[in-house]
Amino acid sequence: MRSTTPRAALRRVAGALAAAGLLAAGSLALSAPARAAGPVMGFGGPAETALHPYPASGGPQRTSVAITVDNPSRDEEYGRFEGEYTVTFDLGGIAGVAEAVFGTEDGADCEITGTTGVCHDTGLAPGTNPLPELRVGAAAGSRDGDSGTIRVTGTADGAAFAPFTTRIVIGGPDLVMERAPLEQELEPGRTQPFPLAFANHGTRAAEGVVLTLMYTRGIEFTERYENCVYREDDAGQGVPVWTTALCSVEGSYEVGAVYELAEPLMLRATQRAYRDTLVYRIDEAGPGARGAQRAPGARSAPGTAGNVLTLKAVPAVPAVRSSDLDPADNQQEADFSTANTADFAAYGDTASGLPGSTVGADIGFRNEGPAWIGNLRSGDPVATVDFTVPEGASVSAWPGTCRGVTADGQYREQQAGAPRYVCDTSMAVREDAGLALHFDLKIAEAVTGASGKVEVRGARSRDPLLPFDPDRGNNTAALVLNPDDAGDPGAAGGSTSGSSGGGGPTDDASAPAASASADATATAAPAGSRAGTGGRLAATGTGAATAAGAAAAALLAGGVLYTAARRRPGH
């Protein structure tokens, strides 16, 4: 068995959640650990897995049942369980219903004897660890509607395992979302119809459905509906980035039929649109769907009273694909490109101080819009603030998202006192926000008018242009120390800081990097910022300090991982 890092585990779980309907209708079950001496490991996996019925010819198509084991420790350095452990799969509950094999590509020490599968391994990293792939297919002689359970248990010296049960069922609905014909090159304000349609290619009718619509900040639907719940998600950015609509529609959706919206939705590119994504998904309604709609969420709200989203059957049934019982087919996605721009305006600061004193300075940039900018697919930073330290001073405290480099931008081990600092944004910058950075500088020599460059540029130094920003004239500003007058420091919205003697560490060699903190409610850098007392970071709507860890959880927003995890068919 293999272990994984918490970040990789989040990516895995995000993909599984996407495949299960973004928690709209699918569900993941987790075992409930009991109290015990030593760590208690909990298993996780799908509450239920539907299988293709046994075919009239050929072998069964197998589906992966992804079981995980969770080490409750979150201490990455010391929380690893190093002992040997054994996981047992009791397959007696699916005898005559389904047959299981372990995947061969894992290289794990696993074997199935009769109705018992056993895996041996050593070591469990903190967080979620995937177990070897268990591939399950319908048994010969099984019938549509048959079901059974697999029980998973574990043993180890120095740890306990909470048992876990997952259900296997033969047949079921297979809702397949058709790809909508959408124009993807847009203009701000452009509205177009969204003719959503889906089919049921399964073996049984779906009793009620949940339509999930997820769309980024630059696009919107012109109407909201009474039978939908709308939730805004910040995707770790501190401001709304995704809107998710969960719409429940009652009725029986029959096998072989195709359904479409009674009236097309109208999709509009807003004035802030630039690069945007729409995810649309259909799932059978059930306890998981109703729970997702009732669950508390940031800025969640019902739709408009009296305006109900409805579906209708399409008379002609095109034979577009065969039944596959594959949740990945429930979802489609579209990316949009809108002819729009954003204006990233850098700002600097001024500060004065005597030799030996420490002064604070606030620098950064603001997005003057009109577009918001997001790299939600890749998760890459939108931009980088590149700061060159003024002559006669050295940095003693800096934001945690910044790193010191050499004068020519190369790696530097010693972070304090670097001649240059580069600070990445997160993967999204709102249209009325930016990135505010605070530095403490120790003045060694009072050089009148010493000027350091503040530049907002592309995240890759070899490709510094911002493709969305045609106004390059305000991409740079200056941080001026001990100016000979009180003039503008050459910044868009620059401010003046007073001196602060001894406000930061005085020993450059031992000065730690300042901790970063997010101010999710701020929308722009202050017009009159004060001298800082230690390297703080005001991430004005970008969530730069926390984006890496939140990106996968966002999807439950899909995050960066919006492509549903597809089950691998057997051979």
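Counting from 1, residues in each chain are numbered in the order their sequence is written. It should be noted that, the model being predicted, local features are given only for residues of pLDDT at least 70 and side-chain atom pairs only at 80 or more, the latter also being counted only at that level, while totals for whole chains, interfaces and linings use all residues. Note that water and hydrogens are dropped before the side-chain values are worked out from all heavy atoms of the structure.

Turning our eyes to something else, we now look at the packing of aromatic side chains. What describes a pair of aromatic rings is the distance from one ring centre to the other and the angle between the planes of the rings. Stacked, edge-to-face and tilted labels apply to pairs of Phe, Tyr and Trp rings (six-membered ring for Trp) whose centres lie within 6.5 Å, assigned for plane angles under 30 degrees, over 60, and everything in between, in that order. According to the stated counting rule, one finds 15 aromatic pairs in the structure shown. Seen in terms of ring centroids, phenylalanine 194 and tyrosine 280 are 5.0 Å apart; in terms of plane orientation they differ by 80°. Their pairing is edge-to-face. Taken together, the positions of phenylalanine 194 in strand β17 (residues 191-194) and tyrosine 280 in strand β25 (residues 275-284) put the pair 86 residues apart, joining distant regions of the chain. In terms of burial, phenylalanine 194 and tyrosine 280 fall into one category: buried. Relative to phenylalanine 468, the ring of tyrosine 274 has its centre 6.1 Å away and its plane inclined at 75°; by these criteria the two rings are edge-to-face. Placement of tyrosine 274 in the loop between β24 (265-269) and β25 and of phenylalanine 468 in the loop between β39 (450-457) and β40 (476-481) is noted, with a sequence separation of 194 residues between them. Each member of the pair, tyrosine 274 as well as phenylalanine 468, is classed as buried. Grouped by ring-pair contacts, the aromatic residues Phe194, Tyr215, Phe221 and Tyr280 constitute a single cluster. Only when the NZ atom of a Lys or the CZ atom of an Arg is both within 6 Å of the ring centre and within 35 degrees of the ring normal do we say a charge sits over the ring. One cation-aromatic arrangement involves arginine 224 over tyrosine 230; the distance from NZ or CZ to the ring centre is 4.3 Å. A helix here means a DSSP run of H or I that spans at least four residues, while a strand means a run of E at least two residues long, and both kinds are numbered starting from the N terminus. Each residue is assigned to one of three classes by its accessible area relative to the maximum for its type, calculated with a 1.4 Å probe on protein chains only: buried under 20%, partly exposed between the two thresholds, exposed over 50%.

Looking now at the state of the cysteines. Any two cysteine sulfur atoms lying within 2.5 Å of each other are counted as a disulfide. Applying the stated criterion across every chain, the model contains 3 disulfides. Two residues share a disulfide in this structure: cysteine 228 and cysteine 247, whose sulfurs sit 2.0 Å from each other. Here the disulfide of cysteine 228 and cysteine 247 is right-handed, its torsion about the S-S bond being about 110°. With cysteine 228 in strand β21 (residues 228-233) and cysteine 247 in strand β22 (residues 242-253), the pair connects residues that are 19 residues apart, well separated along the chain. As far as burial versus exposure is concerned, cysteine 228 and cysteine 247 are alike and both buried. One disulfide in the model links cysteine 402 with cysteine 423; its S-S distance is 1.9 Å. With the S-S dihedral at roughly 110°, the linkage between cysteine 402 and cysteine 423 falls on the right-handed side. Of this pair, cysteine 402 sits in strand β35 (residues 402-405) while cysteine 423 sits in strand β36 (residues 420-424), placing them 21 residues apart in sequence. With a relative accessible area of 0%, cysteine 423 lands in the buried category.

Before going further, it helps to spend a moment on the sheet that holds strand β14 (residues 164-170). Strand pairing is defined by DSSP finding a minimum of two bridges between the two strands. Here 6 strands make up an open sheet; going across it, the order is β3-β14-β12-β6-β9-β8 and the pairing mixed. Two strands bound the open sheet, and with one partner strand each, they are β3 (48-51) and β8 (109-113). Looking at each pair of strands side by side, their axes are set apart by 20° on average, direction ignored. Taken together, the 8 bridges between strand β6 (residues 81-90) and strand β9 (residues 116-124) define a ladder with antiparallel strand orientation. Across the sheet, tyrosine 85 pairs through a bridge with aspartate 121, a residue of β9. Simply put, an axis is a line fit to the C-alpha atoms, just over the touching stretch for a helix, and the angle between two N-to-C directions goes from 0 to 180 degrees.

In this section: the pairing of strand β28 (residues 331-338). For a regular strand, side chains alternate in direction, first toward one face of the sheet and then toward the other. The buried count for β28 comes to 7 of 8 residues, which makes it a mostly enclosed element. Relative to β28, strand β16 (residues 185-186) runs parallel, the two being bridged by 2 bridges. The residue bridging leucine 186 from the neighbouring strand is threonine 338, located in β28.

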